[in-house]
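Next come the chains, spelled out residue by residue.
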Amino acid sequence: MRKVTELNQNWIFVKSAKDAGEAAAADGILVSLPHTWNAVDGQDGGNDYYRGTCWYRLALDAPELTGGERAYLEFDGAAMTADVYLNGEKLARHEGGYSRFRADITGKMAKEGNVLLVGVDNSDNNRVYPQKADFTFYGGLYRKVRLVVVPENHFAMEYYGGDGIRVTPEVTLAGEGRTKAGAEITVEVWAEGSAGYTDITVAGETRRAVVTEGYAKAVFYLETVHLWDGMDDPYLYTAKAELEGGDVVETYFGCRSFRIDSQKGFFLNGRPYPLRGVSRHQDRAGAGNALTFDMHREDMEFIKEIGANTLRLAHYQHAQEFYDLCDRNGIIVWAEIPYITMHMSGGRENTFNQMRELVVQNYNHPSIVCWGLSNEITAASTVNEELLENHRELNRLCHELDKTRKTVMANVFMLETDSPLLEIPDINSYNLYFGWYVGEMGQTDEFFDEYHKTYPDRCIGFSEYGADANPAYHSADPDRGDYTEEYQCLYHEHMLRMIEERPWLWATHVWNMFDFAADGRDEGGRHGENQKGLVTIDRQTKKDAFYLYKAYWSGEAFVHLCGSRYVDRTEEVTRVKVYSNQPYVSLYVDGQLLEEQEGSRIFIFEVPVTGVHRITAQAGAYRDEITIKKVTETNKDYLFVKEGDIVNWFDQEDFRKDCYSIGDTLGEIAKSPEANAIVQKMTAKAAGSRGDVADSVKDNPALQRMLQRMTLQSMLKQAGDVIKPEEIKALNDALQKIKKVN
Ligand code: GCU
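What you are looking at is a predicted structure, and each value in this text was computed from that prediction instead of being measured. (Residues numbered from 1 in each chain as written. Predicted model: local features only at pLDDT ≥ 70, side-chain atom pairs only at ≥ 80, totals over all residues. Heavy atoms only, no water.)

**So, the overall build of the protein chain**
- Across its full length, the protein chain carries 14 helices and 41 strands.
- Rg of the C-alpha trace for the protein chain: 28 Å, near the compact-globule value of 27 Å for 742 residues, within the 12% margin.
- In the protein chain, which comprises 742 residues, the share counted as buried stands at 59%.
- When the accessible surface of the protein chain is totalled, it reaches about 29,500 Å², and 49% of it is carbon and sulfur. (Helix = DSSP H or I, 4+ residues; strand = E, 2+ residues; numbered from the N terminus. Rg over C-alpha atoms; globule rule 2.2 N^0.38 Å. Buried < 20%, exposed > 50% of the residue type's maximum accessible area, 1.4 Å probe, protein only. Areas by Shrake-Rupley, 256 points an atom, 1.4 Å probe, with all protein chains shown as cover.)

What follows is the structure in structure tokens.
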């Protein structure tokens, strides 16, 4: 039997040392694992979060090795690169911040006084992904470390961090010539040493398999199999292998079959099973990415509460504990490596290594159905042969390592839909932010309909969509870019309708379930955060939009009154929105019934506001309550005002309808040469402020088409501070003098 010792206590953290020699003796602070040195500065919005090499030192008690035993250190995650030294000798280097790796220390230990030292580095470089992305690259030994002593004959410890056992169930569903689903289960093991056989047990049946050149296989047949059936019945089997000489490994696995149809979407075990869910980053307030199991578990409870049945675990390999939680809760997973935003010539090998580790370490999880090759890799790189080859090779590697799953990519909205890049993975998916970063929400519908019509045989998904919301910000007239909860709700209401009308979307993933740290951001009233989450980064606040998804996806009866944080209202009559999965909702004002509505998910009431009111929503036995108050002046705390915003003067109601304005689309304005000339000058300045955007706009017909549908105001908002408010007002005044052509 192998012996495992957790090594998470009594580490000395040395923030800086010029080299391993200095680090081995330097003073430091006592820490326990998981640990990150960016738990605070990685979330506070400065670009100054510490990136460099830090050191972790441990006095290691050497295990007594007998009979050819071997000893390994096992690291579940060291971000982003780690060098492992024992007693001054460098034993291992690992490049990639999200996967498990080991260091063989057999024969390297002294009787006593062993000093284990790990140099961990999260600094900029041009070869280890990720290097450019919208999330904080925390540094540290942010997952657990353990010492593993194995018998001389043992299951593989040196193959991409794997466990040496792989289970491939092949399900034959009922109806394919059978009354009940059955399964053929192939169990493969890899062994190091001289073992001659292994006993493999599945579902109470044990087979002895001969080990030949370090490999053995046994095939089991279950006449009647208990399927792993997603959230309805995530049933798991266990496979156990005992090697001659005593080593034992166990893994659980699930028997399921899935397929993806370009017209009908995702099928699980033969039935339509539309994947509707969210994405998740692995961090939270105060802890950074050094998460405890309890934090993982709590995240899963939030996800289950809204009834999501799928998770995109972006943008890297997540902790085993979390994939395990997905298996046990029946959540279908998109797993991926951090080949993201910008292609690096020097990063090719790293993409392959990170993919090998992701697949080898996670092959047995029934929840995982696809491997993500990259995310928005053309956001800051052009599609050239080198980038294409890197993807083709990654795609081939995935299929070589795993014949049972699909490959996928998440593409940036600007990527032309006829790009050769889209022909590489088995299935496609796009990240679209129409109605947030650019354009109008409805352009999402148009994009997918156009794509689906052009490529009816391609499986298309919606891998990211979202709008930032700060729970402090509110408005009776929510608008794109105001960071209000009310706008986030409108945005997601639109997207849910859009999704419901397009069952051929094989999977959709809200970006994001949780607000997360993005060190480069400083917007929406928060430093260093991306606030597209349905829940805040501290997990303390479920935003109103959280309950919209619960109303759509959860069977747990509830009623939720939106606007609990929108107390001060200037309106004479205010809109009160209720989300519920119940068919009838009654609204009471100060205990008096105002109105009962029959509806579906979204209920809107018009409530007169004269003073302080207690608003109660009732749906059967379920109720919710908020308080609102009439005020004469808008509560300034509700407003996010960015320097240079178009505020105050801009009100289309006052504009001359027979003349152009910045409220018209670029396509409409283009009909008038005079108006178009004025606008072209301004948009050139806006786009030219970022040369790369100007080129990509000019050379990108899809983007051109999209721009034509955007209002001039939307486009100018994208230009940020390049165009001053007074310039926009002058432009609008000029357009208001030009009569529209019919
Ligand atoms: C992109 C990217 C995400 C990012 C998101 C956003 O699609 O994939 O990593 O956080 O947009 O801008 O919120």
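After that view of the structure, there is still more to cover.
**Brief notes about the layout of surface pockets**
- Of the volumes computed, that of the second largest pocket is approximately 1,000 Å³.
- What lines the second largest pocket is a set of 39 residues, and nearest its centre among them are R100, D163, E250, Q320 and Q361.
- Those elements that place two or more of their residues in the lining of the second largest pocket are β1 (3-6), β10 (145-150), β12 (165-172), β20 (248-253), α3 (320-329), α4 (348-362) and α5 (385-401).
- Here the residues of the lining of the second largest pocket sort into 15 nonpolar, eight polar and 16 charged. (1 Å grid on protein atoms, 1.4 Å probe; cavity = no way out; pocket = protein on both sides within 12 Å on 5 of 7 lines; lining within 4 Å. Points joined across faces, edges and corners; volume = space filled by probe spheres on them. Nonpolar A, V, L, I, M, F, W, Y, C, P; charged D, E, K, R; others polar.)

**Re the site of the ligand**
- Around the ligand lies a shell of 13 residues, among which D134, E376, Y437, E464 and K532 are the nearest.
- The contact in question runs from an oxygen atom of the ligand to an N or O atom on the side chain of D134, over 2.6 Å.
- In this structure, an oxygen atom belonging to the ligand sits 2.7 Å away from a side-chain N or O atom of H315.
- For the ligand, whose unbound accessible area comes to 320 Å², protein coverage reaches 93%. (Near = heavy atom within 4 Å. Polar contact = N/O pair within 3.5 Å; in protein donor to acceptor, adjacent residues only side chain to side chain.)

**Points about the packing of helix α2 (residues 293-306) against helix α8 (residues 544-553)**
- With their axes 7 Å apart at the nearest point, α2 and α8 run at an angle of 55° to one another. Viewed along their axes, α2 and α8 adopt a mutual orientation that is oblique. In this structure, α2 uses F302, E305 and I306 to contact α8, whose residues at the interface are F546, Y547, Y549, K550 and W553.
- Grouping the amino acids of the contact of α2 with α8 by side-chain chemistry returns six nonpolar, no polar and two charged. (Axes fitted to C-alpha atoms, helices over the stretch in contact; angles between N-to-C directions. Parallel < 35°, antiparallel > 145°, perpendicular 65-115°, else oblique. Contact = heavy atoms within 4.5 Å.)

**Quick look at the pattern of salt bridges**
- Summed over the entire model, instances satisfying the criterion amount to 61 salt bridges.
- Across the salt bridge formed by D229 and R271, the nearest N and O atoms sit 2.7 Å from each other. Taken together, the residues span a long stretch of sequence, with D229 in strand β17 (residues 228-229) and R271 in strand β23 (residues 271-272) at a distance of 42 residues.
- Note on D229: relative accessible area 16%, which makes it buried.
- Residue R348 pairs with E389 through a salt bridge whose shortest N-O separation is 2.7 Å. (Salt bridge = Lys/Arg side-chain N within 4 Å of Asp/Glu carboxyl O.)

**Things to note about the domain arrangement of the protein chain**
- Domain annotation of the protein chain identifies domain 1 (3-150), domain 2 (165-258), domain 3 (259-556), domain 4 (568-636) and domain 5 (642-735).
- Distance from the C-alpha centre of domain 3 to the C-alpha centre of domain 4: 33 Å.
- Counting from both sides, the interface comprises 14 residues of domain 3 and, opposite them, eight residues of domain 4.
- Regarding the contact of domain 3 and domain 4, the summed buried area is about 850 Å², with carbon and sulfur atoms giving 50% of it.
- Applying the counting rule to domain 3 against domain 4 returns two salt bridges.
- With a closest N to O distance of 2.9 Å, R601 and E500 form a salt bridge.
- Our enumeration of links across domain 3 and domain 4 arrives at five residue pairs in polar contact (both at pLDDT 80 or more).
- At the level of elements, α7 (485-500) and α8 are the ones that each hand at least two residues to the side of domain 3 that touches domain 4. (Domains from an automatic or database assignment. Buried area = accessible area lost by both parts, 1.4 Å probe.)

**Side note on the side chain of S367**
- Considering the arrangement of structural elements, one finds S367 in the loop between α4 and β27 (368-375).
- Taking the relative accessible area as the measure of exposure, S367 reaches 0% and is therefore buried.
- A polar side-chain atom of S367 sits 2.5 Å from a polar atom in the side chain of D327.
- Beyond its immediate stretch of four places on either side in the chain, S367 contacts W228, Y323, C326, D327, I331, I332 and V333.

**Thoughts on empty space enclosed by the protein**
- Scanning the model with the defined rule gives three cavities of 30 Å³ or more in all.
- Considered as a void within the structure, the largest cavity measures approximately 80 Å³ in volume.
- Every residue lining the largest cavity is counted, 13 residues in all, and those nearest its centre are F135, T136, Y138, N289 and Y316.
- Looking at the lining of the largest cavity residue by residue, the classes come out as eight nonpolar, four polar and one charged.
- Counting contributing residues, the lining of the largest cavity receives three or more from each of domain 1 (3-150) and domain 3 (259-556).
- Lining the second largest cavity we find D76, Y98, R100, R143, Q317, H318, A319, Q320, E321 and Q361.
- For the lining of the second largest cavity, the residue count by class is two nonpolar, four polar and four charged.
- In this structure, the lining of the second largest cavity is formed jointly by two domains, domain 1 (3-150) and domain 3 (259-556), each of which donates at least three residues.

**Some details on the nonpolar core**
- Ranked by internal contacts, the top residues of the largest apolar core, which has 98 residues, are V278, M355, M513 and L712.
- Counting the residues that make up this core, at least three belong to each of domain 3 (259-556) and domain 5 (642-735).
- Setting aside residues no more than four positions away along its own chain, M513 makes contact with V278, S279, F302, I303, I306, G533, L534, V535 and F546. (Core = buried A, V, L, I, M, F, W, Y, C linked by side-chain atoms within 4.5 Å.)

**Focus: the sheet that holds strand β8 (residues 101-104)**
- Taken in spatial order, the four strands line up as β1-β10-β5-β8 in an open sheet, and their pairing is antiparallel. Edge positions in the sheet fall to β1 and β8, since each of these pairs with one other strand and no more. On average, each strand axis in the sheet is inclined to that of its neighbour by 25°, with strand direction left out of account.
- Looking at chain direction, strand β5 (residues 70-75) and β8 are connected through four bridges and run antiparallel. Bridging from a neighbouring strand, F75 pairs with F101 of β8. (Pairing = 2+ DSSP bridges.)

**Looking at the confidence of the model for the protein chain**
- Confidence in the prediction of the protein chain, expressed as mean pLDDT, is 93, and 93% of residues score 70 or more.
- The low-confidence segment residues 644-649, where pLDDT is below 50, has eleven contacts with residues more than four positions distant or belonging to other chains.
- Contacts for the low-pLDDT stretch residues 689-696, under 50 throughout, to residues beyond four places or in other chains number seven contacts. (pLDDT = per-residue confidence, 0-100.)

**A short note on α8**
- Within α8, ten of the ten residues are buried, which leaves the element mostly enclosed by the surrounding structure.
- Listing the buried residues of α8 in full gives D544, A545, F546, Y547, L548, Y549, K550, A551, Y552 and W553.

**Focus on the environment of V149**
- Inspection of the secondary structure assignment puts V149 in strand β10.
- It is 35 Å that separates the C-alpha atoms of V149 and D124, two residues lying 25 residues apart in sequence.
- Excluding residues within four positions of it along the chain, V149 makes contact with R2, K3, P63, L65, E69, R70 and A71.

**Overview of the packing of aromatic side chains**
- Applying the stated criterion across every chain yields a total of 37 aromatic pairs.
- With a centroid separation of 4.7 Å and an interplanar angle of 10°, the aromatic rings of F75 and F101 are classed as stacked. Placement of the pair is F75 in strand β5 and F101 in strand β8, with a sequence separation of 26 residues. The pair F75 / F101 is uniform in exposure class, with both members buried.
- Grouping aromatic residues by their ring pairs yields a cluster made of F413, Y430, F434, F447, F448, Y451, Y455, F462, Y465 and Y491.
- A cation over a ring is seen here: R601 above Y552, with NZ or CZ 3.9 Å from the ring centre. (Phe/Tyr/Trp six-rings, centres within 6.5 Å; stacked < 30°, edge-to-face > 60°. Lys NZ or Arg CZ within 6 Å of the ring centre and 35° of its normal.)

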